[in-house]
Amino acid sequence: MATLALSTNLVTYMTRVMHFNVSDAANQITNYMGTSFILSIVIAFLADTCIGRPKAVLISACFEIVGLGLLAIQAHSSKLKPPPCNLFDPTAHCTRIGGSDGVLLFAALYSIALGSGGIKAALPSHGADQFDEKDPKEAIQMSSFFNWFLLSGNIGSVVSLTLVVWIQDHKGWDLGFGVSCIAMIVGAMCFITGIPRYRIQVSGSNAMIEIIQVYVAAFRNRKLELPQESKELYEINRDKEAETEREFLPHRDVFRFLDKAAIVQTPPTQVSNPWKLCRVTQVENAKIILGVLPIFCCTILMTLCQAQLQTFSIQQAVTMDTKLTHSFHIPPASLSIIPIGFLVVLVPIYDRIFVPFARKITGHPTGITPLQRVGFGLLLTSVSMAIAGIVEVKRKQVARDHNMLDAIPVLQPIPISVFYLSFQFFIFGIADLFSYIGLLEFFYSQAPKGIKSIATCFLWCSMALGFFLSTIIVNVVNSATKNRTRSRGWLAGNNINRNHLNLFYWLLAILSMLNFFGYVFVAKRYNYRPQAQRSATTNRIANEDDELEDIQLCVVVGRSPVGVGVGVAVAVGVAGGEFFIVGRENGQWMGRTRAKMGAGQWMGMPKVVAVRGGRRNGLRKKIEMVVVPCRR
């Protein structure tokens, strides 16, 4: 609620009040947004290694409160901003903000960027920390948490894009920024009241350092030969560590060059040096981080498209008829309320209706996998940009038919409803529903325990690169088309009616579709993270195929003990004993079956299926079976 109105309406503030031209204002906003997401990585690192996630949230909130307060002060004082001037009047000579006033403006903006980035980094992972991933019931609840996290954010966005934007446009920017500041203070106080009640508080760890050690050790050992058997690689004794919280991951034959970090030299030298010799589990965590990078790269272009909806689409809206009734005009920055309003309705439907329905078909507890959600979102992104180009052609045609290509925005609106833009906003909003939460859940579930905040920052980092890439591509497109169009560039100048924004949208649609195909290629080849295991509860079941199938069976016990046999897996219990059978592949819950036994009854375990690539596969190859007394 506190920052969305700022990010969506900032282009208007920068042009009308601070007198930046349209393209420069768009670049300033994308730079601000990109910096916010980049700074989230810094806060995430501190949250995971030093201060913990709750403290990171509170410190970030303080920075955001200070930044919003400074913006309110500057907007209120006429001495701290340029004199009023209509930038769109060709005869006006407007002075852009500069000097100490400019320093104050950007100090406030980037203080907000730091605070907003920190909250993005620490808050989602802190909320997910309240659930135990090893408990099948809570694993499903954690997936629902991300859906409801999006819903709560959207409810705040509705208030921001209606009430706050209306206050900024009609009651003054100073009052609008002040309301946002007060809202941030209230939010911080609510968070503080919940600190004693948080169920799980994850303290700082050195997991990120351990991953860096793997890359360093692998480079230092690059000339060593890998052993033929993975058992020869270094790992601490599981039995001695059974009562500790240390995790153990099985070795996988991917990114084998990193295995050199776990080579035990003969005679052993510098064995105690963690920058020379690492555990197999450390190496596997480093492989996981390296494995998500292709997925990460494929999500950057989506944010580049989102940046256009927050900049150029707002400028389109400024030139159009914003009349909702005879007496009420919708602020252009409030157009984002359209997809957000639909999301407020769709998220509960998705979580309570679609997920259970899809779960029955796929066997996956969240309906579809996180990567499938992301893929569908990327596809809709391309569709959104294609429709945006079509709408822009329609808008310019109406302006041309009414001889209004040089009309002054706001004062001379083109006779076409601003709600034509709702198509592109709506489709991109649905794309957000799938990709945003899919990426959060994916990065959080794949990350090692000690770097959950940093892992969720893969999403924010991809968004940061997308916003920075937007600045670059706008400049590149203008330079490449400077001598090919009368407007001296597709996006040049302040008159959007003379530009070729439709061609720019279609360029992004083509790039997004190519990006989608690239994503499908890498997503099909991604192997999910195997679930961390303990030696005290692990039994290996082998057959004629010696490969490892990363599947777990977790038996959730009622009041009765459960025994598990090999071959035809069976469970024995007393009368009325109730248990759940849950399949898990590479760390992802795949299916859940409920059964009930009578007195002394032997019951064959129902076949647990795993889902890979949308197909059902029976249990095969070599299985890691874990029998864990989980909570019901």
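Residues numbered from 1 in each chain as written. Predicted model: local features only at pLDDT ≥ 70, side-chain atom pairs only at ≥ 80, totals over all residues. Heavy atoms only, no water.

In the annotation of an unreviewed UniProt entry, the chain is listed under the name Nitrate transporter 1:2 and assigned to Actinidia rufa.

Turning to the state of the cysteines, a few remarks are in order. Scanning the model with the defined rule gives one disulfide in all. Here Cys85 engages in a disulfide with Cys94; their sulfurs sit 1.9 Å apart. What sets the handedness of the Cys85 and Cys94 disulfide is the S-S torsion sign, and at about -70° it is left-handed. (Disulfide = S-S within 2.5 Å.)

For an α-helix the count is 3.6 residues per turn, leaving residues at separations of three or four pointing the same way. Here helix α7 (residues 207-220) is 14 residues long and its end C-alpha atoms lie 20 Å apart, about the 20 Å a rise of 1.5 Å per residue gives. Taken together, the buried positions of α7 are occupied by Ala207, Ile211, Gln213, Val214, Ala217 and Ala218. Projected down its long axis, α7 carries its buried residues within an arc of 150°, all on one side. In this fold, the buried residues of α7 make contact with α8 (280-298). (Helix = DSSP H or I, 4+ residues; strand = E, 2+ residues; numbered from the N terminus. Expected span 1.5 Å × (residues − 1). Buried < 20%, exposed > 50% of the residue type's maximum accessible area, 1.4 Å probe, protein only. Arc of directions from axis to C-beta. Contact = heavy atoms within 4.5 Å.)

This part covers the nonpolar core. The biggest cluster of nonpolar side chains holds 144 residues, and the ones touching the most others in it are Tyr13 and Phe504. The element contributing the most residues to this core is helix α13 (residues 422-446), with 14 residues. Here this core spans two domains, and each of domain 1 (1-204) and domain 2 (288-532) adds at least three residues to it. Not counting residues up to four positions away in its chain, the partners in contact with Phe504 are Gln308, Phe312, Ile473, Val474, Val477, Trp490 and Leu491. Membership of the second largest hydrophobic core comes to seven residues, among which are Ile43, Ala47, Leu114 and Phe191. (Core = buried A, V, L, I, M, F, W, Y, C linked by side-chain atoms within 4.5 Å. Domains from an automatic or database assignment.)

The next thing to look at is the confidence of the model for the chain. Per-residue confidence for the chain averages 76 on the pLDDT scale, and 78% of its residues sit at or above 70. Long-range and interchain partners of residues 533-632, a stretch whose pLDDT sits below 50, account for 248 contacts in this model, where long-range means more than four residues apart. (pLDDT = per-residue confidence, 0-100.)

Positionally, Ser313 belongs in helix α10 (residues 312-319). Among the residues examined, Ser313 registers a relative accessible area of 0% and is labelled buried. The residues contacting Ser313, other than those within four sequence positions of it, are Gln308, Leu421, Gln424, Phe425 and Tyr505.

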